[in-house]
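# Fold and geometry: a report
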Amino acid sequence: MFKRGVSLYSFQEELFLRQMTVEDCIAFAASIGANGIELLPEQNLPGFPNITDRQIGEWKDLLAKYGAVGTCYDMFLDTKRRKDRLMTDDEQVESIIRDLKLASQLGFKNMRVLIFVRPDILERCIPFAEQYDVHMGVEVHAPWYLDHPWILRTVDVADRTGTQHLGLLPDMGIFMKHYPPEFRDRFMRQGARQEIVDFIIDQHEQKVMAEYTIYEVAVKMQGNKAEISMAETLRHAPYANPKRLKDFLPYFKHIQAKFYGMTPDSRDPSIAYDDVIPELIACGFDGYLSSEYEGNRWIQDVEDVDSREQVRRQHVMFRRLAGETVEA
Amino acid sequence: MFDKYLIVEGSLRNTGPADAPEGFAFDARLGYYRGLGLSMIENLAVAVDGEAVDSQAIRFDEGSGALSLSAMETAFDRRWEFGAVATISVARPGGLPVGPHAVTLNERLRISYLPFPLMAKDDKTLTVA
């Protein structure tokens, strides 16, 4: 059975506004039985990359205080750090090794690798991932999907080398079955008209190729800026096949449970967890489902964000889908 | 993202001697979900009362000393932390007249994993007391 966790990404609104501390986030996660904590060092550890022993000690103490464990370290790679040129391959490898080492020092066994990192760069990092015993999971983020040729290149490297320290890290945003109400409402506030909004949502519901819908809205319907922007979100909102998860199970150890908003009765109107979680249970996934709430940026212009309540509802859903008897 | 939080409410003030201001300043946050090295802050565009400020008059200080926008390009060891308040100042003899002013801030960020620059924008009316 999968385990339940939370990425600190979920509380970015309150962390940004200094309404919550990292300790508040961990305490809250533990209070809802989500004891696995995913960290974004560049968000949550001031002074990065110069992390002190004291910071490392504080992180471990915080986890211990609430009976929590660190699940995944989210790395970044600033290939465009310099204006005049891209990072060289050696510099990229060096940056990733730095993160593998930090991840290990902080006690992590998994590292989320940004999807744009080249498979040949990651291949050069394998000996270091093995040395530090940290699994490099390339984030499978929409609009990519598990079978996407770019993703298969990483799978090929993992197969060819036989390493247990390079693979994937699926983001459940790839399973967007229905268009998120939070997206719809934001575009309507920006001036999208009802009939065009309805058209775009219907096209998404029917799984029509995004480019077709964008052309219809932009050219044939002469859509306004908000309507064209809404149609363009379809490029990033495909629905991948949950039945493929089992075929890729050997390659992933951790999952980012992306969501944009839960209904008051603890259902996700957009991401197909009703289809995904039975698949994960059936194939025996025993890693963490790590909440990644990303609804704040869609609603913060008109309402106060309550990330805790959103995460709480998602975990009620996880428990329900795992067969527990729960109240919404 | 975080657009409406970029400009800190109530932070607009004149700088320098009270009887002979040398410019004005306000506080701001980075419109991104993590901290970012200053070399990747591609531009900070400021407008006041509808008029764009000359970029050469702008200085940025996250707490380690004021830098021009061009000096930020090579400030590889400095970082604008997530949610942290920094000061954006503008050299303008006389400062701004007391009263309300429409302040606009556009942040253009060079994010390595995105093919396009990330833009964040805020407009607020702030008052010089």
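Residues numbered from 1 in each chain as written. Chains lettered and ligands numbered in written order. Predicted model: local features only at pLDDT ≥ 70, side-chain atom pairs only at ≥ 80, totals over all residues.

## Here we look at the overall build of chain B
Scanning chain B for helices and strands turns up one helix and eleven strands. For chain B, the N- to C-terminal ordering of α and β elements is β-β-β-β-β-β-β-α-β-β-β-β. Compactness check: chain B gives a C-alpha radius of gyration of 14 Å against a globular reference of 14 Å for 129 residues, within 12% of the reference. Its C-alpha atoms give chain B principal-axis dimensions of about 45 × 25 × 20 Å. Considering chain B as a whole, with its 129 residues, one finds that 32% of them fall into the buried category. Taking the contacts inside chain B whose residues are at least 6 apart along the sequence as the reference set, 70% of them involve residues at least 24 apart. (Helix = DSSP H or I, 4+ residues; strand = E, 2+ residues; numbered from the N terminus. Rg over C-alpha atoms; globule rule 2.2 N^0.38 Å. Buried ≥ 20, exposed ≤ 12 C-beta atoms within 10 Å, placed from the backbone. Contact = placed C-beta atoms within 7 Å.)

## Looking at the interface of chain A and chain B
If you look at the interface, chain A gives 24 residues, while chain B gives 18 residues. Those elements that place two or more of their residues in the side of chain A that touches chain B are helix H1 (12-16) and helix H3 (41-44) of chain A. With three residues, H1 of chain A is the single largest residue contributor to the side of chain A that touches chain B. Looking at the side of chain A that touches chain B residue by residue, the classes come out as eleven nonpolar, four polar and nine charged. (Nonpolar A, V, L, I, M, F, W, Y, C, P; charged D, E, K, R; others polar.)

## A short note on unusual backbone geometry
Following Phe48 of chain A, the chain continues into Pro49 of chain A via a peptide bond in cis, with omega recorded as 5°. Within the secondary structure, Pro49 of chain A sits in the loop between H3 and helix H4 (53-65). At the junction of Ala142 of chain A and Pro143 of chain A, the peptide bond is cis and its omega measures out at 10° in the coordinates. With respect to the element layout, Pro143 of chain A can be found in the loop between strand E5 (135-140) and helix H7 (149-161). One non-glycine residue, Arg18 of chain A, adopts positive backbone phi at about 60°. Position of Arg18 of chain A among the secondary structure elements: in the loop between H1 and helix H2 (22-31). With a phi angle near 50°, Asp49 of chain B is a residue other than glycine that sits in the positive phi range. The class of Asp49 of chain B is exposed, set by 12 C-beta atoms lying within 10 Å.

## Examining the environment of Asp61 of chain A
Residues and elements named next belong to chain A. Topologically, Asp61 is positioned in helix H4. When the 10 C-beta atoms within 10 Å are taken as the criterion, Asp61 is described as exposed. Residues Asp61 and Phe285, 224 residues apart in the sequence, show an inter-C-alpha distance of 29 Å.

## Section: the environment of Ala75 of chain B
Residue and element names in this part refer to chain B. Here Ala75 shows up in the loop between helix H1 (69-72) and strand E8 (79-80). Residues Ala75 and Gly37, 38 residues apart in the sequence, show an inter-C-alpha distance of 7.7 Å. Those residues in contact with Ala75, other than ones at most four positions away along the chain, are Leu38, Ser39 and Leu67.

## Observations concerning the pairing of strand E9 (residues 86-91) of chain B
Residues and elements named next belong to chain B. Here six bridges tie strand E2 (residues 23-28) to E9, and the two strands are oriented antiparallel to one another. If you follow Ala28 over to E9, its bridge partner there is Ala86. Relative to E9, strand E6 (residues 58-61) is paired through four bridges, and the arrangement is antiparallel. Within the sheet, the bridge partner assigned to Phe60 lies in E9 and is Ile88. (Pairing = 2+ DSSP bridges.)

## So, helix H8 (residues 181-189) of chain A
The α-helix advances 3.6 residues per turn, and as a result positions three or four apart in sequence lie on the same side. Residue and element names in this part refer to chain A. Turning to H8, its buried residues number three or more, namely Phe183, Arg186 and Phe187. Along the axis of H8, the buried positions cluster into a sector of 95°, meaning they face one direction only. On its buried side, H8 packs onto helix H9 (194-205), helix H11 (225-233) and helix H14 (296-299). Gly191, located one to two residues past H8, shows a positive phi value of around 115°. (Arc of directions from axis to C-beta.)

## Concerning the packing of helix H10 (residues 210-220) of chain A against H11 of chain A
The axes of two packed helices give the description: the angle between them and the distance between them. All names here are of chain A. Following both chains from N to C, one finds H10 and H11 inclined at 175°, their axes separated by 9 Å at the closest point. If you check the angle between H10 and H11, you find them roughly antiparallel. Contacts between H10 and H11 involve Thr213, Ile214, Val217 and Ala218 on the former and, on the latter, Glu227, Ile228, Ala231 and Glu232. Looking at the contact of H10 with H11 residue by residue, the classes come out as five nonpolar, one polar and two charged. (Axes fitted to C-alpha atoms, helices over the stretch in contact; angles between N-to-C directions. Parallel < 35°, antiparallel > 145°, perpendicular 65-115°, else oblique.)

## Things to note about the domain arrangement of chain A
All names here are of chain A. When its domains are assigned, chain A resolves into domain 1 (3-177 + 239-321) and domain 2 (181-235). The distance between the C-alpha centroids of domain 1 and domain 2 comes to 29 Å. Domain 1 puts nine residues into the contact, and the matching count from domain 2 is seven residues. Split into classes, the residues belonging to the side of domain 1 that touches domain 2 amount to seven nonpolar, two polar and no charged. (Domains from an automatic or database assignment.)

## Looking at the packing of helix H5 (residues 89-105) of chain A against helix H6 (residues 119-132) of chain A
Residue and element names in this part refer to chain A. Interaxial distance between H5 and H6 falls to 9 Å at its minimum, and their mutual angle equals 25°. The angle between H5 and H6 falls in the class roughly parallel. With respect to the hand of their crossing, H5 and H6 are arranged in right-handed fashion. Contacts from Asp89, Gln92, Val93, Ile96, Ile97, Leu100, Lys101, Ala103 and Ser104 of H5 reach H6 at Ile121, Arg124, Cys125, Phe128, Ala129 and Tyr132. (Left-handed = near helix turned anticlockwise from the far one by under 90°.)

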